[in-house]
Amino acid sequence: MNINFEMETPSFSTSDDHRRGWWPIRPNTGFYWADMLWLVVIGTIDNHVFPSLTGGILPFSLLTPWLVLTFVVAPAPLSVSALLLGSLIQETNAGCPRGMYLTAYWIIFAIIMLSRKLLSWRHAVPWIVTFFISSFFISNFESLIILLRQDGAQLDFFYFAKQLLRVSFSVIVGMALAYPWMLRFKGETTPP
Amino acid sequence: MDLNRLRFWVLISGIFAAPLLFFSTQFSPWSEGPVSRAAILIQDISYPFAWVWHESSTGLDNAWERYINLSGKSHENTLLQAENLKLKSSQLNYDELLIELNRLRSLAGFTQVMTDKIVAAEVITGQKALPFRTIRVSKGSDAGVKIGMPAIASAGAIGRVIRVGVYFSDIQLLVDFDSNIDVFVQRNRIRGVLGGYSNESCRLKLQRSSEVRIGDTLATSGIVGSFPKGIPVGKIVRISFESDDVSQLITVAPWVEPHLIEEVIILLREDPELGRIAEAGGADWFDKSLNPTLNEKRTTK
(Lines give C-alpha, C1' and ligand atoms only; values in the text may rest on other atoms or scores of the structure.)
Protein backbone atom coordinates (compact mmCIF):
# COMPACT_ATOMS: atom_id res chain seq x y z
CA MET A 1 0.00 0.00 0.00
CA ASN A 2 1.44 3.35 -1.03
CA ILE A 3 0.50 5.94 1.55
CA ASN A 4 1.57 9.53 1.14
CA PHE A 5 2.65 10.48 4.63
CA GLU A 6 3.59 13.95 3.49
CA MET A 7 -0.02 14.91 2.81
CA GLU A 8 -1.05 18.02 4.76
CA THR A 9 -3.53 18.03 7.58
CA PRO A 10 -6.81 19.31 6.18
CA SER A 11 -7.45 22.98 6.59
CA PHE A 12 -11.11 22.17 6.56
CA SER A 13 -11.30 21.19 10.23
CA THR A 14 -9.65 24.39 11.41
CA SER A 15 -10.90 26.97 8.98
CA ASP A 16 -13.03 29.75 10.49
CA ASP A 17 -15.23 29.57 7.44
CA HIS A 18 -16.52 26.22 8.61
CA ARG A 19 -17.23 27.34 12.12
CA ARG A 20 -19.59 30.18 11.40
CA GLY A 21 -23.08 30.48 10.05
CA TRP A 22 -24.00 26.85 10.42
CA TRP A 23 -26.58 24.94 12.33
CA PRO A 24 -24.92 24.99 15.76
CA ILE A 25 -25.73 21.41 16.76
CA ARG A 26 -22.80 19.66 15.14
CA PRO A 27 -19.40 18.25 16.03
CA ASN A 28 -16.26 20.38 15.70
CA THR A 29 -17.90 23.72 16.52
CA GLY A 30 -14.52 25.34 17.04
CA PHE A 31 -15.04 25.55 20.79
CA TYR A 32 -13.68 22.65 22.79
CA TRP A 33 -16.14 23.11 25.67
CA ALA A 34 -19.09 23.23 23.25
CA ASP A 35 -17.98 20.01 21.58
CA MET A 36 -17.74 18.27 24.95
CA LEU A 37 -21.07 19.69 26.09
CA TRP A 38 -22.80 18.50 22.91
CA LEU A 39 -21.35 15.07 23.49
CA VAL A 40 -22.82 14.94 27.02
CA VAL A 41 -26.18 16.10 25.63
CA ILE A 42 -26.06 13.50 22.82
CA GLY A 43 -25.19 10.81 25.40
CA THR A 44 -28.14 11.88 27.55
CA ILE A 45 -30.51 11.79 24.57
CA ASP A 46 -29.22 8.32 23.67
CA ASN A 47 -29.50 6.86 27.14
CA HIS A 48 -32.45 8.73 28.64
CA VAL A 49 -34.63 10.41 26.01
CA PHE A 50 -34.73 7.69 23.34
CA PRO A 51 -35.43 4.85 25.80
CA SER A 52 -38.34 6.77 27.31
CA LEU A 53 -39.75 7.70 23.88
CA THR A 54 -39.44 4.25 22.34
CA GLY A 55 -40.22 2.29 25.49
CA GLY A 56 -36.56 1.28 25.51
CA ILE A 57 -37.15 -1.41 22.94
CA LEU A 58 -35.52 0.22 19.91
CA PRO A 59 -31.80 0.74 20.35
CA PHE A 60 -31.42 4.04 18.50
CA SER A 61 -27.98 5.53 18.78
CA LEU A 62 -26.89 9.08 18.00
CA LEU A 63 -23.52 8.80 19.65
CA THR A 64 -21.90 6.48 17.11
CA PRO A 65 -22.56 8.67 14.02
CA TRP A 66 -21.67 11.76 16.05
CA LEU A 67 -18.31 10.28 17.05
CA VAL A 68 -17.60 8.97 13.55
CA LEU A 69 -18.24 12.43 12.10
CA THR A 70 -15.95 13.93 14.75
CA PHE A 71 -13.19 11.46 13.86
CA VAL A 72 -13.47 12.40 10.19
CA VAL A 73 -13.66 16.18 10.43
CA ALA A 74 -12.00 17.17 13.69
CA PRO A 75 -8.32 17.51 14.58
CA ALA A 76 -6.82 14.45 16.30
CA PRO A 77 -6.69 15.89 19.88
CA LEU A 78 -10.38 16.79 19.76
CA SER A 79 -11.20 13.35 18.29
CA VAL A 80 -9.33 11.62 21.12
CA SER A 81 -11.19 13.69 23.75
CA ALA A 82 -14.50 12.88 22.08
CA LEU A 83 -13.55 9.20 21.93
CA LEU A 84 -12.76 9.08 25.66
CA LEU A 85 -15.79 11.07 26.78
CA GLY A 86 -18.21 9.31 24.41
CA SER A 87 -17.15 5.82 25.40
CA LEU A 88 -17.19 6.62 29.11
CA ILE A 89 -20.70 8.04 28.77
CA GLN A 90 -21.83 4.81 27.14
CA GLU A 91 -20.06 2.55 29.61
CA THR A 92 -21.20 4.30 32.77
CA ASN A 93 -24.78 4.25 31.57
CA ALA A 94 -24.96 0.49 31.23
CA GLY A 95 -23.72 -2.55 33.07
CA CYS A 96 -21.41 -3.44 30.20
CA PRO A 97 -17.81 -4.53 30.85
CA ARG A 98 -15.51 -1.56 31.31
CA GLY A 99 -13.47 -0.80 28.24
CA MET A 100 -15.94 -2.38 25.83
CA TYR A 101 -17.01 0.79 24.02
CA LEU A 102 -13.58 2.34 24.56
CA THR A 103 -12.02 -0.53 22.61
CA ALA A 104 -14.65 -0.54 19.89
CA TYR A 105 -14.57 3.24 19.36
CA TRP A 106 -10.76 3.26 19.53
CA ILE A 107 -10.56 0.79 16.65
CA ILE A 108 -12.98 2.89 14.60
CA PHE A 109 -10.99 6.02 15.48
CA ALA A 110 -7.68 4.43 14.45
CA ILE A 111 -9.01 3.16 11.13
CA ILE A 112 -10.62 6.49 10.27
CA MET A 113 -7.44 8.35 11.23
CA LEU A 114 -5.48 6.09 8.88
CA SER A 115 -7.91 6.32 5.99
CA ARG A 116 -9.43 9.78 6.18
CA LYS A 117 -6.79 11.32 3.96
CA LEU A 118 -7.26 8.63 1.34
CA LEU A 119 -11.00 9.01 0.80
CA SER A 120 -12.97 11.69 -0.95
CA TRP A 121 -15.41 13.03 1.62
CA ARG A 122 -17.02 15.20 -1.02
CA HIS A 123 -19.12 12.24 -2.14
CA ALA A 124 -21.87 10.50 -0.25
CA VAL A 125 -20.64 6.92 -0.65
CA PRO A 126 -17.58 7.12 1.65
CA TRP A 127 -19.79 8.63 4.35
CA ILE A 128 -22.48 5.97 4.00
CA VAL A 129 -19.92 3.17 4.06
CA THR A 130 -18.11 4.65 7.06
CA PHE A 131 -21.30 5.13 9.08
CA PHE A 132 -22.56 1.68 8.16
CA ILE A 133 -19.34 -0.16 8.97
CA SER A 134 -18.88 1.73 12.25
CA SER A 135 -22.40 1.01 13.54
CA PHE A 136 -22.23 -2.56 12.30
CA PHE A 137 -18.91 -3.05 14.07
CA ILE A 138 -20.24 -1.66 17.38
CA SER A 139 -23.29 -3.90 17.14
CA ASN A 140 -21.17 -6.96 16.36
CA PHE A 141 -18.72 -6.21 19.15
CA GLU A 142 -21.65 -6.20 21.62
CA SER A 143 -22.90 -9.51 20.19
CA LEU A 144 -19.42 -11.00 20.54
CA ILE A 145 -19.31 -10.06 24.23
CA ILE A 146 -22.70 -11.70 24.78
CA LEU A 147 -21.47 -14.84 23.05
CA LEU A 148 -18.34 -14.91 25.18
CA ARG A 149 -20.22 -14.42 28.45
CA GLN A 150 -23.05 -16.85 27.81
CA ASP A 151 -24.53 -18.86 25.00
CA GLY A 152 -26.19 -17.30 22.01
CA ALA A 153 -29.79 -17.73 23.18
CA GLN A 154 -30.23 -13.98 23.36
CA LEU A 155 -29.10 -13.55 19.78
CA ASP A 156 -32.44 -14.38 18.24
CA PHE A 157 -34.22 -12.97 15.23
CA PHE A 158 -35.57 -9.96 17.14
CA TYR A 159 -32.12 -9.10 18.44
CA PHE A 160 -30.71 -8.95 14.92
CA ALA A 161 -33.78 -7.12 13.61
CA LYS A 162 -33.23 -4.48 16.30
CA GLN A 163 -29.56 -4.25 15.43
CA LEU A 164 -30.40 -3.78 11.76
CA LEU A 165 -32.78 -0.97 12.68
CA ARG A 166 -30.11 0.57 14.86
CA VAL A 167 -27.51 0.47 12.09
CA SER A 168 -29.96 1.96 9.57
CA PHE A 169 -30.88 4.74 11.99
CA SER A 170 -27.21 5.51 12.60
CA VAL A 171 -26.52 5.75 8.87
CA ILE A 172 -29.49 8.09 8.32
CA VAL A 173 -28.55 10.33 11.26
CA GLY A 174 -24.91 10.27 10.22
CA MET A 175 -25.75 11.34 6.66
CA ALA A 176 -27.95 14.17 7.95
CA LEU A 177 -25.11 15.35 10.19
CA ALA A 178 -22.50 14.97 7.45
CA TYR A 179 -24.49 16.70 4.71
CA PRO A 180 -23.19 20.22 5.46
CA TRP A 181 -19.63 18.91 5.45
CA MET A 182 -20.14 17.34 2.04
CA LEU A 183 -21.32 20.70 0.68
CA ARG A 184 -18.48 22.59 2.27
CA PHE A 185 -15.74 20.33 1.12
CA LYS A 186 -15.42 21.10 -2.57
CA GLY A 187 -11.96 20.11 -3.69
CA GLU A 188 -9.97 16.94 -3.98
CA THR A 189 -6.66 18.68 -3.29
CA THR A 190 -6.99 18.82 0.49
CA PRO A 191 -8.86 15.68 1.45
CA PRO A 192 -9.51 15.36 5.17
CA MET B 1 11.26 8.06 11.92
CA ASP B 2 9.11 10.99 10.93
CA LEU B 3 6.03 11.90 12.93
CA ASN B 4 3.46 10.75 10.37
CA ARG B 5 5.07 7.34 10.06
CA LEU B 6 5.22 7.02 13.84
CA ARG B 7 1.53 7.94 14.09
CA PHE B 8 0.75 5.32 11.45
CA TRP B 9 2.45 2.54 13.43
CA VAL B 10 0.97 3.70 16.74
CA LEU B 11 -2.52 3.51 15.26
CA ILE B 12 -1.92 0.15 13.59
CA SER B 13 -0.52 -1.43 16.76
CA GLY B 14 -3.32 0.16 18.81
CA ILE B 15 -5.93 -1.56 16.65
CA PHE B 16 -4.52 -4.96 17.65
CA ALA B 17 -3.46 -4.11 21.22
CA ALA B 18 -6.76 -2.62 22.40
CA PRO B 19 -8.87 -5.81 22.01
CA LEU B 20 -6.11 -7.92 23.61
CA LEU B 21 -6.03 -5.62 26.64
CA PHE B 22 -9.81 -5.57 26.86
CA PHE B 23 -10.28 -9.34 26.59
CA SER B 24 -7.65 -9.91 29.28
CA THR B 25 -9.69 -7.96 31.87
CA GLN B 26 -12.30 -9.24 34.32
CA PHE B 27 -15.22 -7.98 32.19
CA SER B 28 -16.72 -6.16 35.14
CA PRO B 29 -18.61 -2.87 34.84
CA TRP B 30 -17.38 0.48 36.15
CA SER B 31 -17.98 0.60 39.90
CA GLU B 32 -15.14 1.42 42.27
CA GLY B 33 -11.63 2.91 42.11
CA PRO B 34 -10.27 6.32 41.10
CA VAL B 35 -10.85 5.87 37.35
CA SER B 36 -14.39 4.68 38.01
CA ARG B 37 -15.04 7.70 40.20
CA ALA B 38 -13.87 9.97 37.37
CA ALA B 39 -16.11 8.10 34.94
CA ILE B 40 -19.09 8.34 37.27
CA LEU B 41 -18.46 12.07 37.61
CA ILE B 42 -19.45 12.36 33.94
CA GLN B 43 -22.78 10.83 34.86
CA ASP B 44 -23.16 13.23 37.76
CA ILE B 45 -22.60 16.09 35.31
CA SER B 46 -25.15 14.74 32.85
CA TYR B 47 -27.67 13.84 35.57
CA PRO B 48 -29.42 17.27 35.52
CA PHE B 49 -30.22 16.80 31.81
CA ALA B 50 -31.67 13.35 32.50
CA TRP B 51 -33.58 14.65 35.53
CA VAL B 52 -35.12 17.55 33.60
CA TRP B 53 -36.20 15.17 30.83
CA HIS B 54 -37.63 12.66 33.28
CA GLU B 55 -39.55 15.29 35.28
CA SER B 56 -40.96 17.05 32.22
CA SER B 57 -41.96 13.84 30.41
CA THR B 58 -43.57 12.29 33.48
CA GLY B 59 -45.23 15.65 34.27
CA LEU B 60 -46.74 15.76 30.79
CA ASP B 61 -47.77 12.13 31.05
CA ASN B 62 -49.43 12.74 34.43
CA ALA B 63 -51.23 15.83 33.19
CA TRP B 64 -52.54 13.86 30.21
CA GLU B 65 -53.71 11.00 32.39
CA ARG B 66 -55.27 13.22 35.09
CA TYR B 67 -56.95 15.97 33.11
CA ILE B 68 -57.51 14.81 29.54
CA ASN B 69 -57.55 11.04 29.20
CA LEU B 70 -60.49 10.49 31.57
CA SER B 71 -62.54 8.05 29.51
CA GLY B 72 -63.03 4.86 31.43
CA LYS B 73 -62.10 6.46 34.76
CA SER B 74 -65.67 6.21 36.04
CA HIS B 75 -65.78 2.48 35.33
CA GLU B 76 -62.35 2.05 36.91
CA ASN B 77 -63.57 3.98 39.96
CA THR B 78 -66.50 1.62 40.45
CA LEU B 79 -64.22 -1.40 40.21
CA LEU B 80 -61.79 0.13 42.68
CA GLN B 81 -64.57 0.86 45.16
CA ALA B 82 -65.68 -2.76 45.05
CA GLU B 83 -62.09 -3.91 45.46
CA ASN B 84 -61.66 -1.52 48.36
CA LEU B 85 -64.57 -3.08 50.20
CA LYS B 86 -63.09 -6.54 49.72
CA LEU B 87 -59.70 -5.37 50.94
CA LYS B 88 -61.23 -3.77 54.02
CA SER B 89 -62.84 -7.04 55.01
CA SER B 90 -59.66 -9.02 54.38
CA GLN B 91 -57.69 -6.42 56.38
CA LEU B 92 -59.64 -7.47 59.45
CA ASN B 93 -58.56 -11.07 58.92
CA TYR B 94 -55.00 -9.97 58.21
CA ASP B 95 -54.70 -8.04 61.49
CA GLU B 96 -55.84 -11.09 63.39
CA LEU B 97 -53.39 -13.33 61.51
CA LEU B 98 -50.53 -10.91 62.11
CA ILE B 99 -51.08 -10.96 65.83
CA GLU B 100 -51.24 -14.76 65.75
CA LEU B 101 -48.07 -14.99 63.61
CA ASN B 102 -46.09 -12.73 65.94
CA ARG B 103 -47.22 -14.77 68.91
CA LEU B 104 -46.17 -18.02 67.18
CA ARG B 105 -42.83 -16.54 66.10
CA SER B 106 -42.01 -15.52 69.63
CA LEU B 107 -43.04 -18.96 70.87
CA ALA B 108 -40.79 -20.64 68.29
CA GLY B 109 -37.88 -18.34 69.10
CA PHE B 110 -37.67 -16.75 65.63
CA THR B 111 -36.18 -13.30 65.79
CA GLN B 112 -35.36 -12.54 62.17
CA VAL B 113 -37.59 -9.80 60.88
CA MET B 114 -36.66 -7.18 58.37
CA THR B 115 -35.53 -4.20 60.40
CA ASP B 116 -33.33 -2.58 57.77
CA LYS B 117 -33.50 1.07 56.94
CA ILE B 118 -34.81 1.59 53.45
CA VAL B 119 -34.69 4.21 50.73
CA ALA B 120 -37.44 4.45 48.16
CA ALA B 121 -36.30 5.62 44.75
CA GLU B 122 -37.89 6.31 41.41
CA VAL B 123 -36.60 4.72 38.20
CA ILE B 124 -35.15 7.47 36.02
CA THR B 125 -34.15 5.36 33.07
CA GLY B 126 -33.37 1.84 31.98
CA GLN B 127 -31.80 0.42 28.83
CA LYS B 128 -33.97 -2.40 27.60
CA ALA B 129 -32.49 -2.48 24.15
CA LEU B 130 -28.98 -3.40 25.23
CA PRO B 131 -28.19 -6.82 26.68
CA PHE B 132 -26.55 -5.22 29.74
CA ARG B 133 -29.48 -4.75 32.07
CA THR B 134 -29.24 -1.92 34.55
CA ILE B 135 -31.68 0.72 35.69
CA ARG B 136 -30.88 4.17 37.04
CA VAL B 137 -32.76 5.33 40.13
CA SER B 138 -33.10 8.73 41.72
CA LYS B 139 -31.22 8.16 44.99
CA GLY B 140 -27.47 8.09 45.41
CA SER B 141 -24.75 8.48 47.98
CA ASP B 142 -26.46 11.54 49.48
CA ALA B 143 -29.26 9.18 50.62
CA GLY B 144 -26.79 6.65 52.04
CA VAL B 145 -26.83 4.22 49.12
CA LYS B 146 -23.66 2.17 48.68
CA ILE B 147 -22.40 -0.38 46.18
CA GLY B 148 -23.70 -3.90 46.82
CA MET B 149 -26.92 -2.90 48.57
CA PRO B 150 -29.98 -4.95 47.56
CA ALA B 151 -32.90 -3.46 45.68
CA ILE B 152 -36.39 -4.90 45.97
CA ALA B 153 -39.96 -4.15 44.92
CA SER B 154 -43.23 -5.16 46.49
CA ALA B 155 -43.25 -8.43 44.55
CA GLY B 156 -39.66 -9.43 45.23
CA ALA B 157 -35.98 -8.88 44.59
CA ILE B 158 -34.88 -6.70 41.69
CA GLY B 159 -31.10 -6.60 41.80
CA ARG B 160 -28.07 -5.05 43.39
CA VAL B 161 -26.53 -1.56 43.35
CA ILE B 162 -23.40 -1.58 41.19
CA ARG B 163 -22.66 2.12 40.79
CA VAL B 164 -23.39 5.12 42.93
CA GLY B 165 -23.29 8.79 42.00
CA VAL B 166 -24.21 11.65 44.28
CA TYR B 167 -27.85 11.81 43.14
CA PHE B 168 -28.29 8.52 41.30
CA SER B 169 -27.53 4.83 41.56
CA ASP B 170 -27.35 2.12 38.93
CA ILE B 171 -28.95 -1.20 39.80
CA GLN B 172 -27.85 -4.34 38.05
CA LEU B 173 -31.01 -6.37 37.44
CA LEU B 174 -31.24 -10.06 38.23
CA VAL B 175 -31.58 -10.80 34.53
CA ASP B 176 -28.25 -9.16 33.65
CA PHE B 177 -25.73 -11.83 32.65
CA ASP B 178 -23.22 -10.55 35.21
CA SER B 179 -25.69 -10.93 38.08
CA ASN B 180 -25.38 -13.80 40.57
CA ILE B 181 -27.44 -14.31 43.70
CA ASP B 182 -27.65 -17.09 46.29
CA VAL B 183 -31.16 -18.56 46.42
CA PHE B 184 -33.12 -21.53 47.70
CA VAL B 185 -36.24 -23.31 46.55
CA GLN B 186 -38.93 -22.35 49.06
CA ARG B 187 -40.65 -25.71 49.02
CA ASN B 188 -37.66 -27.93 49.86
CA ARG B 189 -34.80 -25.47 50.72
CA ILE B 190 -32.45 -26.64 47.93
CA ARG B 191 -29.79 -23.98 47.48
CA GLY B 192 -28.09 -22.72 44.35
CA VAL B 193 -26.65 -19.68 42.62
CA LEU B 194 -29.05 -17.94 40.28
CA GLY B 195 -27.42 -16.11 37.39
CA GLY B 196 -28.84 -13.66 34.87
CA TYR B 197 -29.49 -15.22 31.51
CA SER B 198 -31.54 -13.17 29.07
CA ASN B 199 -33.65 -10.04 29.03
CA GLU B 200 -36.53 -11.73 30.81
CA SER B 201 -35.16 -14.75 32.66
CA CYS B 202 -32.47 -16.14 34.94
CA ARG B 203 -30.83 -19.55 35.13
CA LEU B 204 -29.95 -21.92 37.92
CA LYS B 205 -27.85 -25.04 37.58
CA LEU B 206 -28.56 -27.85 40.03
CA GLN B 207 -27.66 -31.49 40.37
CA ARG B 208 -29.98 -33.75 38.45
CA SER B 209 -31.03 -35.50 41.64
CA SER B 210 -32.38 -32.23 43.13
CA GLU B 211 -36.13 -32.40 43.08
CA VAL B 212 -37.66 -29.23 41.68
CA ARG B 213 -40.94 -28.59 39.91
CA ILE B 214 -42.21 -26.04 37.46
CA GLY B 215 -43.94 -23.31 39.44
CA ASP B 216 -41.67 -23.60 42.50
CA THR B 217 -40.77 -20.27 44.04
CA LEU B 218 -37.17 -19.26 44.66
CA ALA B 219 -36.20 -16.91 47.47
CA THR B 220 -32.97 -15.29 48.61
CA SER B 221 -31.01 -17.50 51.00
CA GLY B 222 -29.47 -14.63 52.98
CA ILE B 223 -26.30 -16.66 53.44
CA VAL B 224 -24.08 -14.98 50.87
CA GLY B 225 -24.42 -11.36 49.78
CA SER B 226 -26.35 -8.49 51.22
CA PHE B 227 -29.87 -9.76 50.53
CA PRO B 228 -31.85 -10.74 53.64
CA LYS B 229 -33.29 -14.23 53.77
CA GLY B 230 -36.63 -15.07 52.23
CA ILE B 231 -37.19 -12.36 49.65
CA PRO B 232 -39.03 -13.92 46.70
CA VAL B 233 -36.97 -13.90 43.52
CA GLY B 234 -38.91 -15.76 40.88
CA LYS B 235 -40.61 -18.95 39.83
CA ILE B 236 -39.36 -21.92 37.88
CA VAL B 237 -40.75 -21.93 34.35
CA ARG B 238 -38.60 -24.50 32.60
CA ILE B 239 -36.42 -27.45 33.52
CA SER B 240 -34.05 -29.02 31.04
CA PHE B 241 -31.59 -31.82 31.61
CA GLU B 242 -27.99 -31.55 30.53
CA SER B 243 -26.56 -34.24 28.27
CA ASP B 244 -23.90 -35.07 30.90
CA ASP B 245 -26.64 -36.69 33.00
CA VAL B 246 -25.31 -34.89 36.08
CA SER B 247 -26.96 -31.51 36.12
CA GLN B 248 -30.20 -29.80 35.22
CA LEU B 249 -30.70 -26.30 33.92
CA ILE B 250 -33.56 -24.40 35.47
CA THR B 251 -35.00 -21.30 33.85
CA VAL B 252 -36.51 -18.84 36.30
CA ALA B 253 -38.85 -15.94 35.55
CA PRO B 254 -38.35 -13.14 38.09
CA TRP B 255 -41.44 -12.15 40.08
CA VAL B 256 -40.71 -8.55 39.25
CA GLU B 257 -40.81 -8.04 35.51
CA PRO B 258 -37.79 -5.91 34.64
CA HIS B 259 -39.58 -3.67 32.15
CA LEU B 260 -42.39 -2.83 34.59
CA ILE B 261 -40.26 -1.48 37.43
CA GLU B 262 -41.16 2.11 38.28
CA GLU B 263 -40.15 2.40 41.92
CA VAL B 264 -37.60 0.45 43.90
CA ILE B 265 -36.77 0.06 47.56
CA ILE B 266 -33.08 -0.04 48.40
CA LEU B 267 -32.30 -1.80 51.66
CA LEU B 268 -29.55 0.11 53.43
CA ARG B 269 -27.66 -2.99 54.41
CA GLU B 270 -24.14 -3.82 53.36
CA ASP B 271 -22.81 -7.26 52.68
CA PRO B 272 -21.75 -8.41 56.18
CA GLU B 273 -19.18 -10.85 54.81
CA LEU B 274 -17.55 -8.25 52.58
CA GLY B 275 -17.46 -5.92 55.58
CA ARG B 276 -15.61 -8.54 57.61
CA ILE B 277 -13.13 -9.20 54.76
CA ALA B 278 -12.49 -5.46 54.31
CA GLU B 279 -11.93 -5.15 58.06
CA ALA B 280 -9.32 -7.90 57.99
CA GLY B 281 -7.70 -7.21 54.60
CA GLY B 282 -7.94 -3.42 54.37
CA ALA B 283 -10.10 -1.28 52.11
CA ASP B 284 -8.15 -2.33 48.98
CA TRP B 285 -8.39 -6.08 49.66
CA PHE B 286 -10.06 -6.74 46.33
CA ASP B 287 -7.33 -5.02 44.29
CA LYS B 288 -4.70 -6.85 46.31
CA SER B 289 -6.31 -10.21 45.67
CA LEU B 290 -6.33 -9.55 41.92
CA ASN B 291 -2.77 -8.22 41.87
CA PRO B 292 -0.50 -10.12 44.28
CA THR B 293 2.59 -8.14 43.15
CA LEU B 294 1.00 -5.01 44.59
CA ASN B 295 0.80 -6.78 47.91
CA GLU B 296 4.45 -7.86 47.74
CA LYS B 297 5.63 -4.36 46.85
CA ARG B 298 3.82 -2.93 49.84
CA THR B 299 5.32 -5.54 52.16
CA THR B 300 8.88 -4.87 50.92
CA LYS B 301 8.38 -1.13 51.42
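Our subject in this report is the structure included herewith. (Residues numbered from 1 in each chain as written. Chains lettered and ligands numbered in written order. Predicted model: local features only at pLDDT ≥ 70, side-chain atom pairs only at ≥ 80, totals over all residues. Heavy atoms only, no water.)

### A closer look at the environment of Phe-132 of chain A
All names here are of chain A.
(1) Moving on: Note on placement: Phe-132 falls in helix α5 (residues 124-149).
(2) Moving on: Along the sequence, Phe-132 and Ile-172 sit 40 residues apart, while their C-alpha atoms lie 9.4 Å from each other.
(3) Moving on: Look past the residues within four positions of Phe-132 in its chain and what remains in contact with it is Val-167 and Val-171. (Helix = DSSP H or I, 4+ residues; strand = E, 2+ residues; numbered from the N terminus. Contact = heavy atoms within 4.5 Å.)

### Remarks on the sheet that holds strand β2 (residues 134-137) of chain B
(1) Moving on: In space, the six strands of this closed barrel follow the order β1-β2-β5-β4-β3-β12 (chain B), with antiparallel pairing throughout. Along the sheet, successive strands turn relative to each other by an average axial angle of 45°, direction set aside.
(2) Moving on: Two elements, strand β1 (residues 118-126) of chain B and strand β12 (residues 263-267) of chain B, share five bridges in a ladder whose sense is antiparallel. Residue pairing in the sheet places Glu-122 of chain B in a bridge with Glu-263 of chain B of β12 of chain B.
(3) Moving on: Lying over the sheet, helix α1 (residues 32-54) of chain A contacts β1 and β2 of chain B, oriented at roughly 85° with respect to β1 of chain B.
(4) Moving on: Of the strands in this sheet, β1, β2 and β4 (156-164) of chain B touch helix α2 (residues 34-68) of chain B, which is tilted by about 80° from β1 of chain B. (Pairing = 2+ DSSP bridges. Axes fitted to C-alpha atoms, helices over the stretch in contact; angles between N-to-C directions.)

### Side note on the pattern of salt bridges
Between side chains of opposite charge, a pair can form as their charged atoms come close.
Residues and elements named next belong to chain B.
(1) Moving on: Per the counting criterion, the structure on display carries nine salt bridges over all chains.
(2) Moving on: Residues Glu-76 and Lys-73 are paired through a salt bridge, measuring 3.9 Å at the closest nitrogen-oxygen approach. Here Lys-73 and Glu-76 lie together in helix α3 (residues 73-108), a separation of three residues that amounts to about one turn.
(3) Moving on: Judged by relative accessible area, Glu-76 falls into the partly exposed class, the value being 41%.
(4) Moving on: The partly exposed category is assigned to Lys-73, whose relative accessible area is 32%.
(5) Moving on: With a closest N to O distance of 3.1 Å, Glu-211 and Arg-213 form a salt bridge.
(6) Moving on: On the accessibility criterion, Arg-213 (47% relative accessible area) is partly exposed.
(7) Moving on: It is possible to trace a salt-bridge network through shared partners that takes in Arg-187, Glu-211, Arg-213 and Asp-216. (Salt bridge = Lys/Arg side-chain N within 4 Å of Asp/Glu carboxyl O. Buried < 20%, exposed > 50% of the residue type's maximum accessible area, 1.4 Å probe, protein only.)

### Comments concerning unusual backbone geometry
(1) Moving on: Despite not being glycine, Asn-28 of chain A has its phi angle at roughly 55°, a positive value.
(2) Moving on: Examined against the element boundaries, Asn-28 of chain A turns out to sit in the segment before α1.
(3) Moving on: The class of Asn-28 of chain A is buried, set by a relative accessible area of 6%.
(4) Moving on: Non-glycine residue Arg-189 of chain B carries a positive phi angle of around 60°.
(5) Moving on: Within the secondary structure layout, Arg-189 of chain B lies in the loop between β6 (180-185) and β7 (191-196).

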